[in-house]
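Examination of the molecular architecture
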Amino acid sequence: MMAPVRLLLADDHPVVRAGLRAVLDTEPDFEVVAESPTAEGAVARAAAGGVDVVLMDLQFGRAAMHGAEATAAITAVPGAPRVLVLTTYDSDADILAAVEAGASGYLLKDAPPEELAAAVRTAAAGQSALAPAVAHRLMDRMRTPADALTKRELEVLRLVGEGLSNLEISKRLFLSQATVKSHLVHIFAKLGVDSRTAAVAEAASRRLIRR
């Protein structure tokens, strides 16, 4: 008999963790070995060993480590467990951040139990497990690369949406103000807008950044 897939649940909502555990415990080849309410805790627990797949939320409170950062920290270690992002967010900015951080899969929290179980098994086998909607968005970006915002442009636009000035964005991303302005010029052109407010509204309507 094969050893069960050992799971770590990383989510700051106890109800969500309990729900995930209830669903995953019904699968005979899964074993939930640990839970973490913080991204930092998930990184530490994953490093301790004995975990095959981490189910990682993206948002852990405004001041906490982001799920994509935790994913990068976990996957940077040789022989690390696979990370399956499980989130409510399906914006291009979130998807790209998670994939570039090394996530093996990206699933939305409204996925049916059988889809979640299949994604866990796929990730455990070392393969990519993307929700159909997520895969579709990535394919769209590949089909029209000239029109797609780059990861850096999405980062700048996300911070604009949070109300940061060019100076604050330059400090946050370690860029010059001239570079930030250049990114904004490209963003405006790609979105067909002429203001920061319009850029944020248009990007949110296209699900490029969170609303």
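Residues numbered from 1 in each chain as written. Predicted model: local features only at pLDDT ≥ 70, side-chain atom pairs only at ≥ 80, totals over all residues. Heavy atoms only, no water.

**Re the sheet that holds strand S6 (residues 129–130)**
Read across the sheet, six strands follow the order S2-S1-S3-S4-S5-S6 without closing on themselves; strand pairing throughout is parallel. Of all strands in the sheet, those bounded by a partner on one side alone are strand S2 (30–36) and S6. Contacts between helix H1 (residues 14–24) and the sheet are confined to strand S1 (5–10), S2, strand S3 (53–56) and strand S4 (82–87), with S2 contributing the most and set at about 170° to the helix. (Pairing = 2+ DSSP bridges. Helix = DSSP H or I, 4+ residues; strand = E, 2+ residues; numbered from the N terminus. Contact = heavy atoms within 4.5 Å. Axes fitted to C-alpha atoms, helices over the stretch in contact; angles between N-to-C directions.)

**Description of the nonpolar core**
Looking at soluble globular proteins, one finds that nonpolar side chains tend to be buried together. With 49 residues, the main nonpolar core has Leu 7, Leu 24, Leu 55, Leu 116, Val 120 and Ile 187 as its most contacted residues. Those residues in contact with Val 120, other than ones at most four positions away along the chain, are Val 5, Leu 7, Leu 24, Phe 30, Val 53, Leu 55 and Leu 84. Residues Val 43, Ala 46, Val 51 and Ala 70 belong to the second largest nonpolar core, which totals 14 residues. (Core = buried A, V, L, I, M, F, W, Y, C linked by side-chain atoms within 4.5 Å. Buried < 20%, exposed > 50% of the residue type's maximum accessible area, 1.4 Å probe, protein only.)

**As for H1**
When H1 is considered as a whole, its buried residues turn out to be Arg 17, Leu 20 and Leu 24. For H1, the angular spread of the buried residues around the axis is 65°, confining them to a single face. More than 90 degrees from the buried face of H1, the exposed residues found are Pro 14 and Val 15. In this structure, the buried residues of H1 make contact with S1, S2, S3, S4 and helix H5 (113–124). (Arc of directions from axis to C-beta.)

**Details of the confidence of the model for the protein**
The pLDDT averaged across the protein works out to 92; a share of 99% of its residues lies at or above 70. Of all helices and strands in the protein, the one with the weakest mean pLDDT is helix H6 (residues 132–143) (84), whereas S3 scores best (98). (pLDDT = per-residue confidence, 0-100.)

**Some remarks on the packing of helix H3 (residues 67–75) against helix H4 (residues 92–101)**
Put simply, H3 and H4 touch, their axes get as near as 8 Å, and they point 15° apart. Taken as axis vectors, H3 and H4 run roughly parallel relative to one another. As for the relative orientation of H3 and H4, their crossing is right-handed in sense. For the pair formed by H3 and H4, the contact residues are Ala 68, Thr 71, Ala 72 and Thr 75 on the first element and Ala 97, Ala 98 and Ala 101 on the second. (Parallel < 35°, antiparallel > 145°, perpendicular 65-115°, else oblique. Left-handed = near helix turned anticlockwise from the far one by under 90°.)

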